[in-house]
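Structural overview
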Amino acid sequence: MQKFKTQSFILILTSFLLGFSEFIIVGILDDIAASFPVDVSTAGYLVTIFALAYAISTPFVTTLIGQKRLLNVLLFLMSIFTIGNFVTAMAPTYAILTISRIVVAVVSGAGISVIMAFGTYLAPIEKRAWLVAWIFSGFSIASVFGVPLGTFLSTQLGWRAAFYLIAGLSFILLFFIKMSLPGDLRQTTSDSTGFTDQLAILKDRRIQLSALVAMFSIAGIYSVYTYLRPIFSSELGIAPSMVTLAFTAYGFMSLLSNQLSGKIAEKRGLLTMPKVYIAEIFLLGLLPVFLNISWVGFLDLMLIGLTMYLLNSPIQLHMIGIAENSYPQSMVLASSFNSIFSNIGIAIGSAVGSQIAQNVGMQALGPGGAVLAAITLVLTLALNHKNAQFTESVET
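Residues numbered from 1 in each chain as written. Predicted model: local features only at pLDDT ≥ 70, side-chain atom pairs only at ≥ 80, totals over all residues. Heavy atoms only, no water.

Our focus in this paragraph is the overall build of the chain. A count of helical and extended segments in the chain gives 18 helices and 0 strands. For the chain, whose C-alpha radius of gyration is 21 Å, the value lies close to the compact-globule estimate of 21 Å for 396 residues. Considering the chain as a whole, with its 396 residues, one finds that 55% of them fall into the buried category. If you take every contact in the chain between residues at least 6 apart in sequence, the share linking residues at least 24 apart comes to 85%. (Helix = DSSP H or I, 4+ residues; strand = E, 2+ residues; numbered from the N terminus. Rg over C-alpha atoms; globule rule 2.2 N^0.38 Å. Buried < 20%, exposed > 50% of the residue type's maximum accessible area, 1.4 Å probe, protein only. Contact = heavy atoms within 4.5 Å.)

This part takes up the pattern of salt bridges. Applying the stated criterion across every chain yields a total of 2 salt bridges. Salt-bridge contacts for Arg229 lead to Asp31; the nearest nitrogen and oxygen are separated by 3.5 Å. With Arg229 in helix 10 (residues 228–235) and Asp31 in helix 1 (residues 2–35), this residue pair connects regions lying 198 residues apart in the sequence. Between Arg206 and Asp204 there is a salt bridge, and its shortest N-O distance comes to 2.8 Å. Just as Arg206 is buried, Asp204 falls in that class too. (Salt bridge = Lys/Arg side-chain N within 4 Å of Asp/Glu carboxyl O.)

Ranked by size, the top nonpolar core spans 96 residues in total, and within it Phe118, Ile177, Phe232 and Leu301 carry the most contacts. Sorting elements by how many residues they give to this core places helix 1 first, with 15 residues. Sequence-distant contacts of Phe232, defined by excluding residues within four places in its chain, comprise Gly237, Ile238, Ala246, Phe247, Phe298, Leu301 and Met302. By size, the runner-up hydrophobic cluster in this structure holds 28 residues, among which are Ala211, Phe216, Ala219 and Ala323. (Core = buried A, V, L, I, M, F, W, Y, C linked by side-chain atoms within 4.5 Å.)

Together, Leu169, Phe171, Ile172, Phe175, Phe176 and Met179 make up an exposed nonpolar region whose accessible area comes to about 620 Å². Within the secondary structure, Phe175 sits in helix 7 (residues 160–180). (Patch = residues over 30% accessible without salt bridge, like charges linked within 9 Å, V, L, I, M, F, W, Y side chains within 5 Å. Areas by Shrake-Rupley, 256 points an atom, 1.4 Å probe, with all protein chains shown as cover.)

Moving on, we get to empty space enclosed by the protein. A probe matching the size of a water molecule, rolled over the atoms, marks out where space remains unfilled. What the rule picks out here adds up to 1 cavity of 30 Å³ or more. The calculated volume of the largest cavity comes to roughly 70 Å³. Glu22, Phe23, Ile25, Val26, Leu46, Val47, Phe50, Ala51, Arg101, Tyr222, Asn343 and Ile346 are the residues that line the largest cavity. Secondary-structure elements contributing two or more residues to the lining of the largest cavity are helix 1, helix 3 (45–63) and helix 17 (337–359). Taken together, the residues that form the lining of the largest cavity break down as 9 nonpolar, 1 polar and 2 charged. (1 Å grid on protein atoms, 1.4 Å probe; cavity = no way out; pocket = protein on both sides within 12 Å on 5 of 7 lines; lining within 4 Å. Points joined across faces, edges and corners; volume = space filled by probe spheres on them. Nonpolar A, V, L, I, M, F, W, Y, C, P; charged D, E, K, R; others polar.)

All right, on to helix 9 (residues 205–225) then. For helix 9, which comprises 21 residues, the first-to-last C-alpha distance of 30 Å matches the rise-based estimate of 30 Å (1.5 Å per residue) to within 8%. Taking the largest bend as the criterion, helix 9 deviates by roughly 25°, centred on Ala219. For helix 9, the tally of buried residues reaches 18 of 21 residues, placing the bulk of the element in the interior. The opening residue of helix 9 is Asp204, an N-cap whose side-chain oxygen sits 2.8 Å from the backbone nitrogen of Arg206. (Expected span 1.5 Å × (residues − 1). Bend = angle between axes of the 7 residues up to and from the residue. Polar contact = N/O pair within 3.5 Å; in protein donor to acceptor, adjacent residues only side chain to side chain.)

Right, let's get into the packing of aromatic side chains. A full pass over the atoms with the stated rule returns 13 aromatic pairs. With centroids separated by 5.4 Å and ring planes inclined at 85°, the aromatic side chains of Phe232 and Phe247 adopt a geometry described as edge-to-face. With Phe232 in helix 10 and Phe247 in helix 11 (residues 240–266), this residue pair connects regions lying 15 residues apart in the sequence. Ring geometry for Phe232 versus Phe298: centroids 6.2 Å apart, planes at 40°, classification tilted. (Phe/Tyr/Trp six-rings, centres within 6.5 Å; stacked < 30°, edge-to-face > 60°.)

Time to look at the environment of Phe171. Note that Phe171 resides in helix 7. Taking the C-alpha atoms as reference, Phe171 lies 34 Å from Gly353; in sequence the two are 182 residues apart.

The next point concerns the packing of helix 4 (residues 70–90) against helix 7. Between helix 4 and helix 7, the shortest axis-to-axis distance is 8 Å and the interhelical angle comes to 160°. Accordingly, the angle class assigned to the pair helix 4 and helix 7 is roughly antiparallel. Along this stretch, helix 4 crosses helix 7, giving a crossing that reads as left-handed. Contacts between helix 4 and helix 7 involve Leu71, Leu74, Leu75, Met78, Ser79, Phe81, Thr82, Asn85, Phe86, Thr88, Ala89 and Met90 on the former and, on the latter, Arg160, Phe163, Tyr164, Ile166, Ala167, Gly168, Ser170, Phe171, Leu173, Leu174, Ile177 and Lys178. By residue class, the composition of the contact of helix 4 with helix 7 is 16 nonpolar, 6 polar and 2 charged. (Axes fitted to C-alpha atoms, helices over the stretch in contact; angles between N-to-C directions. Parallel < 35°, antiparallel > 145°, perpendicular 65-115°, else oblique. Left-handed = near helix turned anticlockwise from the far one by under 90°.)

In this section: the side chain of Thr14. Positionally, Thr14 belongs in helix 1. For Thr14, a relative accessible area of 0% translates into the label buried. At 2.7 Å, the side chain of Thr14 and the backbone oxygen of Ile10 are in polar contact.

What follows deals with the confidence of the model for the chain. Taken as a whole, the chain shows an average pLDDT of 86; of its residues, 92% reach a score of 70 or greater. The least confident element of the chain, judged by mean pLDDT, is helix 16 (residues 331–335) at 66; the most confident is helix 12 (residues 273–285) at 97. (pLDDT = per-residue confidence, 0-100.)

Attention now goes to the environment of Glu324. In this structure, Glu324 sits in helix 15 (residues 312–326). A relative accessible area of 54% means that Glu324 is categorised as exposed.

Rendered as structure tokens:
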């Protein structure tokens, strides 16, 4: 049991560091822009580029794993991750910084897939759901503690210190991974189903709508979240010494969002989500008005954080359920859809936010996100209607 606890901690810590590296840019955007000849809106594209590289590369890198020992694969991926973050910390130019972020993104998606495989293999049946949930929660913990910590280090020592910390912790983690995880685990394969057979699930209209819902849902939030640091400091007038606390508060709201997501999935699931998006349209659309009163604007941002991950569990269970009932050969692929399409949504949202910030101004970020939330509302209603049609056809 003690060995399982140690292995679980290593897997969760790995997830935390992967999330820390991905989310930290949001907390240090101003400082990065100040150290290179770029403005804040241009620096915001680092979020877009990372998310696109993550989403596009993950399915391809994962398929290359084949029957290789997963411990060796994880050590290789985390070594590249460590080197990539060291290069980011030392980057002399914005171009090198961007390239290093792409490299880190490419190995991050595959890294999550591998530690999920370890989690499924190592956990007893009664602990499997618990461990998988905690591995996912590593990202939320990174949002709650990692981003504020990185923001604090950036304020006190410069933004590079945050990436030196990530790289240093990752280097130490390599030794614990080597010592703690089994070296003989390999990915299971099936000779009866090829990659083309797995892709058949993408022809299902319910999966197509689910992917679009996942994309636009997070895109609406990220159009604002990408620029949370300058919103806190410039729009709300929060002192630099208090920005870390503001990020901590937002992180706790996003962690609560993950917990509430599970409750929604246990009850009405996707049928509840239209109400969420109506509220989100209101919160985002009126953000420019609320920002005129600091405490009201701060409260509005916290409520936006509360809606951030409410879709996660309902849409994840929905897509896995479709695979389980109609495309059993695509179970593993379907389990990665939420992560892949969410990162595409992050890229869309951060790109939209960058364009708005550059051409209109920070005040317009909220209404821009509200438009994306309205698109999500329409897509969710269409998905619920399609699900109802499918249920009726099965019953008759």
